[in-house]
Every structure is written in structure tokens, then in C-alpha cells.
Amino acid sequence: MTVDAVPTQGALPDERRAWQLVLESIEGELLSGRLRPGDRLAPERSLAASLGVGRSSVREAIRVLEVLGLIRTATGSGPTSGAIIVALPGGGMSALMRLQVAAQGFPVEDVVKTRLVLEAAVVTELAEAHDPASLEPASLEPAEQLLDAMDAPGRTESEFLALDAQFHLALAEATGNQVITATMAGLRSAIEAYARAGVAALGSWAETSARLRLEHREIVACIRAADPAAARRAVQAQIAGYYAETRLTAGPRDPDPVRAPLPSRADLT
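Predicted model only: the values in this text are computed from it and were never measured.

Undergrad: Explain the overall build of the chain to me, please; I cannot follow it from the model alone.
TA: The helix and strand tally for the chain stands at eleven helices and two strands. For the chain, the N- to C-terminal ordering of α and β elements is α-α-α-β-β-α-α-α-α-α-α-α-α. Pairs at least 24 apart in sequence give 71% of the contacts found in the chain among residues at least 6 apart. When the accessible surface of the chain is summed, it comes to about 12500 Å², and 53% of that surface belongs to carbon and sulfur atoms.

Undergrad: How should I be thinking about the pattern of salt bridges in this particular structure?
TA: Opposite charge on two side chains permits them to pair, given that their charged atoms come into close proximity. Summed over the entire model, instances satisfying the criterion amount to twelve salt bridges. Linking Arg59 and Glu44 is a salt bridge whose minimum nitrogen-to-oxygen distance equals 2.7 Å. Pair noted here: Arg59 is in helix H3 (residues 55-67) and Glu44 is in helix H2 (residues 44-51), with a separation of 15 residues, a long-range link. The class of Arg59 is partly exposed, set by a relative accessible area of 44%. A single network of salt bridges, built from pairs that share partners, joins Glu144, Asp148, Asp151, Arg213, Arg217 and Arg224.

Undergrad: Mind showing me how you'd approach the nonpolar core here?
TA: A general tendency of soluble globular proteins is for nonpolar side chains to be buried together. If you look at the biggest cluster of nonpolar residues, it comprises 47 residues, and the most contacted ones within it are Phe167, Leu171, Ile223 and Tyr242. Listing elements by their share of this core, those giving two or more residues are helix H5 (108-129), helix H6 (141-151), helix H7 (157-175), helix H8 (178-199), helix H9 (205-224) and helix H10 (228-246). Here this core takes ten residues from H7, the largest share from any one element. If you look at the next biggest cluster of nonpolar residues, it comprises 19 residues, including Leu47, Val58, Val64 and Leu65.

Undergrad: How should I be thinking about H6 in this particular structure?
TA: Residues spaced three or four apart along an α-helix point in a common direction, a consequence of the helix completing one turn every 3.6 residues. Inspection of H6 places Ala143, Glu144, Leu146, Leu147, Ala149 and Met150 among the buried residues, and these make up the whole buried set. Where H6 is buried, its residues contact H7 and H9.

Undergrad: What is the right way to read empty space enclosed by the protein from this model?
TA: In this approach, a probe sized like a water molecule rolls over the atoms, and the result shows the empty space that is left. Within the structure shown, the criterion is met by two cavities of 30 Å³ or more. Estimates place the volume of the largest cavity at around 110 Å³. Along its surface, the largest cavity is lined by 13 residues, and Arg115, Asp164, Ile191, Ala195 and Tyr243 are the ones closest to its centre. Looking at the lining of the largest cavity, the elements that each hand over two or more residues are H7, H8 and H10. Considering only residue class, the lining of the largest cavity consists of eight nonpolar, two polar and three charged.

Criteria and thresholds
In every chain, residue numbers begin from 1 and rise along the written sequence. Owing to the predicted nature of the model, reporting of local features is limited to residues with pLDDT of at least 70; listing and counting of side-chain atom pairs is limited to 80 or more, with chain, interface and lining totals taken over all residues. Side-chain metrics in this entry use all non-hydrogen atoms of the structure; hydrogen atoms and water are not considered. Per the convention used, a helix needs a DSSP run of H or I reaching at least four residues, while a strand needs a run of E reaching at least two, with both numbered from the N terminus. Residue contacts follow a heavy-atom distance rule, with two residues in contact if any of their heavy atoms lie within 4.5 Å. With residues, only the protein chains shown are counted as cover, and all accessible areas are computed by Shrake-Rupley using a 1.4 Å probe. We count a salt bridge whenever a side-chain nitrogen from Lys or Arg sits within 4 Å of a carboxyl oxygen from Asp or Glu. Burial classes: relative accessible area under 20% of the type maximum marks a residue as buried, over 50% as exposed, and values in between as partly exposed (1.4 Å probe, protein chains only). By nonpolar core we mean a set of buried residues, namely Ala, Val, Leu, Ile, Met, Phe, Trp, Tyr and Cys, connected to one another through side-chain atoms within 4.5 Å. For each structure, a 1 Å grid was placed over the protein atoms alone; sets of points admitting a 1.4 Å probe that cannot get out are labelled cavities, open sets with protein on both sides within 12 Å along at least five of seven lines are labelled pockets, and lining residues have an atom within 4 Å of a point. Grid points are joined across faces, edges and corners, and a volume is the space filled by probe spheres set on the points. Gly falls in the polar group here, along with every residue not listed as nonpolar (Ala, Val, Leu, Ile, Met, Phe, Trp, Tyr, Cys, Pro) or charged (Asp, Glu, Lys, Arg).

As C-alpha cells, this is what we get:
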């Protein structure tokens, strides 16, 4: 992999992550044919020692590979545990892996503006396609299940935000648009990273997480009601509101998410 995340003003708050080294190493093994579908990755401890990184970096790289559908993991011990290769990073998958890495160095505001555009399109398409008189479409069931998982008591901030990112990805997947889905999947790690970075600035995680759960439910409710305008307002207000609350973005507000600074929640309601 050739993409390096170069820190820039407004970039995500971290240096080049050690997990990128792990990801590059594994991708090289896959592309060279030294690792094939059915093979198992070396144990976490061995990978960490051979690459000179912490075990947490190995786990993060494996998580990204699992999100991309290249590996599957199983807990426990014995011959069926660990990470097994299930696909090779050919063509678009390799490009998606590079986007995952590059996204870590994108300015926060650029990623958020992209989300505002993409996710507005996602919920608009879903709302326009939904018939309020019909039963809930099966395509929304994965998103609903994630909302139920977020409601479970005792969720840590990291667990909640991982489910949050997956919820937004599930909505993209529900459209069936492969380009939007791939772009959202490529941005997922970046979305989680700056969402986690903002937690420290929150006055009360309990209050914020409760509000986010309600806002997620509202997004789905607007889709079910076949109200594209309301769905757009709901998803954009939820995205912009979190970043305003965490103070990850600042500056004058303007309702155009493409050509101007990020809108506030009030601008979108």
C-alpha cells in the first residue's frame, strides 16, 4: 500500500497509526499470493512482535480487514480460532483498503461535509422508495438491529460509536448503491476516529448517547414515513449536531455543506 496519512491542519487527531504498517504488511502478503483464502493469519502476538508494533495495532488492522470482508475472526482457542482469509483484495477492494488508510489523514471538516452529502442522498433514496402502507422493508432490518444493540445498557463509548458508524453504513447498504456503500465503508474508520476523539469534550456522555439514539430512531421514522425532506434534515442535523457539540468543527455556519463551513443543528431544522 502506497498511501501515507500526512498530518495537515484540521486533520484527524493522531500521527500515522501503527496499524497502517500491519495493514500494509498483510495486504502485501495477500497480493503476492503468500496468503490465500483459507489460510490463517499468524497469531496476534507473533504479528505484533515481527512488525514491532503493539497488539492493539494488530487488532485494529484485523478489524479493518474484517469490515472489508477479507477475513473472518473466531474467538477461543484451537485450530478454528483466530483470523482466516476469506477473500483477496483485488480491484475495487484494494482501492477501498487504500481509502481506509488515506481517510485517517483527511481533514475532519472534509469528511463531515462528505457525510452530509452522501447520507442526505442515502436517506432521500430510501424515503422515496418506501411505501408507508407496506410492512417495514427487510433492507432496514440491519439498521434497526443496530439501534437495538445501541440501546443495550453498559455500552462503552467505543462500542456505541462503532455501532453508530455501522448504523450509517447499514443505511447506505440498504440503498443497493455500491459506490455510495463503498465510499461510506472506506470512511468508516475515519468516522469512528473523530467521533471517539470528540467524546472528551462532551459534558455528559450519557445525555449525548441518549440523544443520539433518539435521533437515529427519528431518521428511520422519517424514512418509514416516506418523507425525504424530513429524513434529510434529521440525518444532517444529527451529523452536524454531534460535531458542533464536540467542538471538532468551528467557524461561521452556512447551510451549504459543500461550499461552506458546516451547518449547525439550528440551520438544518
